[in-house]
Amino acid sequence: MSRVEILEKVTVIFRDLFDDDRLDIDDTTSAEDIEEWDSLMHINLITAVQSEFNIRFSMDDIYKMKNVGAMIDIIQKLLD
Amino acid sequence: MTVIKIDQVNLTYIKGGLSVNNLLEYPFDSQLIMRKRKSLKKELLKKEDLSEKHIAILGGSTTHDIKDMLELFLLNYGIRPVFFESEFGQYWHDAMFGNAELIALKPDVIYIHTSNRNIMKYPEPDQDSAAIDELLEQTYSHFEAMWERLSATYHCPIIQNNFEYPYYRLMGNQDASNIHGRVNFITRLNMKFYEYAQSHNNFFINDINYQSADYGLREWSDPFYWYMYKYALCIDAIPILAYNIANIIKSLFGKNKKAIALDLDNTLWGGVVGDDGVENLELGQETAIGQAYMEFQQYLKDKQKLGVLLNVISKNDYENAIAGLNHPQMILKPDDFTIIKANWDPKSLNLVQIAEELTLLPESFVFIDDNPAERELIRQQVSGVAVHELGKLENYIYTIDRAGYFETTVFSKDDLNRNTMYKENIKRTQLQSSFADYKDYLLSLRMRAEVKPFESIYMPRIAQLTNKSNQFNLTTRRYTQVELEQIAEDPDYIALYGKLEDCFGDNGIVAVVIGKIEGKSLDIILWLMSCRVLKRDMEFAMMDTLVEKSRALGIKTIKGYYYPTTKNGIVRDFYEKQGFTKISEDAAGNTVWELNIDTGYEAKNHVIKVNS
């Protein structure tokens, strides 16, 4: 799956979870950019992404997710 | 479980009120509701008639998503929760030493979410059985002390998780039987929890031991979620956990289903009786399919023994339906059903009629039919009915079971006799039609009532009635058993139950009245009656006794209150019929009534013998 396709799917997840249909994200988006993105929301993001792509992150993966771009890298790695 | 692809679920689908409910009905898509929780909540909050309940969650691990999911399921059941949530892991501390927020909340229910992560010590290999017994006692008393403190402080139902099995076994298979094994230790601890539940009315187990087994223990206990987020279960399992808790809570507040409306052809047996003939129906031990139908019938029969009313709605000629029900291999006999409707009318019409005949609301029904078109019809035409998605034949039992329509919390003698009582009611209706004069009919029933102050043996039933009665209920106040026990002992209240018997049998406790004494006046804060004894003059027998008791206490006026809801229209004129005078009415239709009993009172019941 291409990065663009992954970003598209991840965007839908973000919009659902934050209940905001106009929310746009890119590689540089991080918790600093979205007010409601706290540690509890982070857990929901991780869980929803795992289910969406049918993958399982390791603890190590999660520590490396500093922003959306890093998340997409890891998703792509796990999908290969 | 049906998995809806999330991309395909557009917002218009979610936004329709009906669809929101569907998404939260079993079998639900956990992943979808976790993701759409915010928009789902917004939609659910638009529902009318939500009743507010205060719910305290005392957690031994993270509870945030549990609270979110519980909220959705409760809203779907018509309960708007206001939560207190312990700080991480503070369950014991909050219970034992108090917490200002928790005290201020005045919880209606307390849920204690603990898991085997909260067991601090397990047996050591060098300990003898006496030392292990002592450890068991210590571990248990940590919990028992907390329950005692909570119930003494808050007087409300407590829901407590039991323990799931550990996800590894130090002693392998013998971990289950060896006294040093953790599986053994947890099993014994759970047994002690159950003993407490058996001897305490207001204490209920949330069986995570079963839930985790059902889900798959390895997945449920994936330690990733503990290490990362201090969750004692995997996040994907949270909706299942929350659904179970919501089912216990809705049952406590009288929102269980009471009856099932069943289709016949391809639901209770294989084949179409009208086309295939009775002898060709697939039912019995001979074939796999026949066996599945038999087991399904056995499941329904066992549910019936627990007080669930079974009814038939079948598109068939009546004779054919009865012939099918008399098939020699049928587990369910025609007599096991309260009402059988076999005709060619729309099923929605039949369902509404059954509800009326049983004096139940349609929302008390679960509709079970293999035909998706019939299910859709009921969904669209009869609101509130739980329309069950049956799935494959081999899954009939388990999907109905997991849906939790009939979650048992209070089990009273009444539940045991319910089928007989409804049957007797149908006989009464038949008798009634043979009398031209209604009073003659009532007299022919030879009714005897007991109208007396609350007695402790009847408390579970009285509590059940206060939580279940919606129609013949003037103020729709709900009480827990503990609150009722306090009222029974308080000299400032007159609290009466009414029990009615007649020539067909015992109806059990059918009426409850609570009056609060205010000087020389009595405020009727609760007046309810079971609809199964409508039009029997029981309400007059109750009033006569209430007046008699009030006068003995020197009370001069009785005040009645009527608070309208969408369901209690039948008692709008109740106090007028009782001879009260209306003294006020507000914009919402709430009315206040008064009766002077100082100058005399004429007894209104002439057909029931009371307390003789």
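Residues numbered from 1 in each chain as written. Chains lettered and ligands numbered in written order. Predicted model: local features only at pLDDT ≥ 70, side-chain atom pairs only at ≥ 80, totals over all residues. Heavy atoms only, no water.

S.K.: Any chance you could break down unusual backbone geometry for me, citing the residues and the numbers?
M.R.: All names here are of chain B. Cis peptide bonds are those with omega within 30 degrees of zero, and the linkage from tyrosine 26 to proline 27 qualifies with -5 degrees. With respect to the helices, strands and loops of the structure, proline 27 is situated in the loop between α2 (17-23) and α3 (30-35). In the Ramachandran plot, asparagine 611 falls in the positive-phi region, its phi being about 50 degrees despite a non-glycine side chain. Within the secondary structure layout, asparagine 611 lies in the segment after β18 (608-610). A relative accessible area of 38% means that asparagine 611 is categorised as partly exposed. (Helix = DSSP H or I, 4+ residues; strand = E, 2+ residues; numbered from the N terminus. Buried < 20%, exposed > 50% of the residue type's maximum accessible area, 1.4 Å probe, protein only.)

S.K.: Give me the lowdown on the packing of aromatic side chains, citing residues and values where you can.
M.R.: Residues and elements named next belong to chain B. Under the counting rule described, the total for this entry stands at 34 aromatic pairs over all chains. With centroids separated by 5.1 Å and ring planes inclined at 65 degrees, the aromatic side chains of phenylalanine 73 and tyrosine 243 adopt a geometry described as edge-to-face. Of the two residues, phenylalanine 73 is situated in helix α5 (residues 64-76) and tyrosine 243 in helix α13 (residues 238-252); the sequence distance between them amounts to 170 residues. Centre to centre, the rings of phenylalanine 163 and phenylalanine 193 are 5.2 Å apart; their planes meet at 55 degrees, and the pair counts as tilted. Of this pair, phenylalanine 163 sits in the loop between β4 (158-161) and α9 (182-199) while phenylalanine 193 sits in helix α9, and the two are 30 residues apart along the sequence. Relative accessible area serves as the criterion here: at 0%, phenylalanine 163 is assigned to the buried category. The class for phenylalanine 193 is buried, based on a relative accessible area of 0%. Of the aromatic side chains, those joined through ring pairs into one cluster are Tyr91, Tyr140, Phe143, Trp147, Phe163, Phe193, Tyr196 and Phe203. Here the guanidinium or amino end of lysine 192 rests over the ring plane of tyrosine 140, the centre of that ring lying 5.0 Å away. Directly above the aromatic system of tyrosine 77 lies the positively charged group of lysine 250, at a separation of 5.4 Å from the ring centroid. (Phe/Tyr/Trp six-rings, centres within 6.5 Å; stacked < 30°, edge-to-face > 60°. Lys NZ or Arg CZ within 6 Å of the ring centre and 35° of its normal.)

S.K.: Which residues make up the layout of surface pockets, and what are the values?
M.R.: Of the volumes computed, that of the second largest pocket is approximately 1,200 Å³. Along the wall of the second largest pocket there are 41 residues; nearest its centre are Gln211, Asp214, Ile240, Asn244 and Arg402 of chain B. Elements represented by at least two residues in the lining of the second largest pocket include exactly α2 (39-53) of chain A together with α3, β5 (203-206), α10 (208-215), α13, α15 (288-305) and α19 (396-403) of chain B. Ranked by the residues each element gives to the lining of the second largest pocket, the list is headed by α13 of chain B, at five residues. Of the residues in the lining of the second largest pocket, the class split is 19 nonpolar, 13 polar and nine charged. (1 Å grid on protein atoms, 1.4 Å probe; cavity = no way out; pocket = protein on both sides within 12 Å on 5 of 7 lines; lining within 4 Å. Points joined across faces, edges and corners; volume = space filled by probe spheres on them. Nonpolar A, V, L, I, M, F, W, Y, C, P; charged D, E, K, R; others polar.)

S.K.: Any chance you could break down the nonpolar core for me, citing the residues and the numbers?
M.R.: Within the largest apolar cluster, 106 residues are counted, with the highest numbers of intra-cluster contacts made by Phe14, Phe57 and Ile75 of chain A together with Leu70, Tyr229, Ile249 and Phe337 of chain B. No other element matches α13 of chain B, which puts 10 residues into this core. Those residues in contact with tyrosine 229 of chain B that lie beyond four places of it in its chain are Ile43, Ile46 and Ile62 of chain A together with Thr62, Phe224 and Ile235 of chain B. In terms of nonpolar packing, the next biggest core, distinct from the first, is built from 40 residues, Leu474, Leu500, Val571 and Tyr575 of chain B among them. (Core = buried A, V, L, I, M, F, W, Y, C linked by side-chain atoms within 4.5 Å. Contact = heavy atoms within 4.5 Å.)

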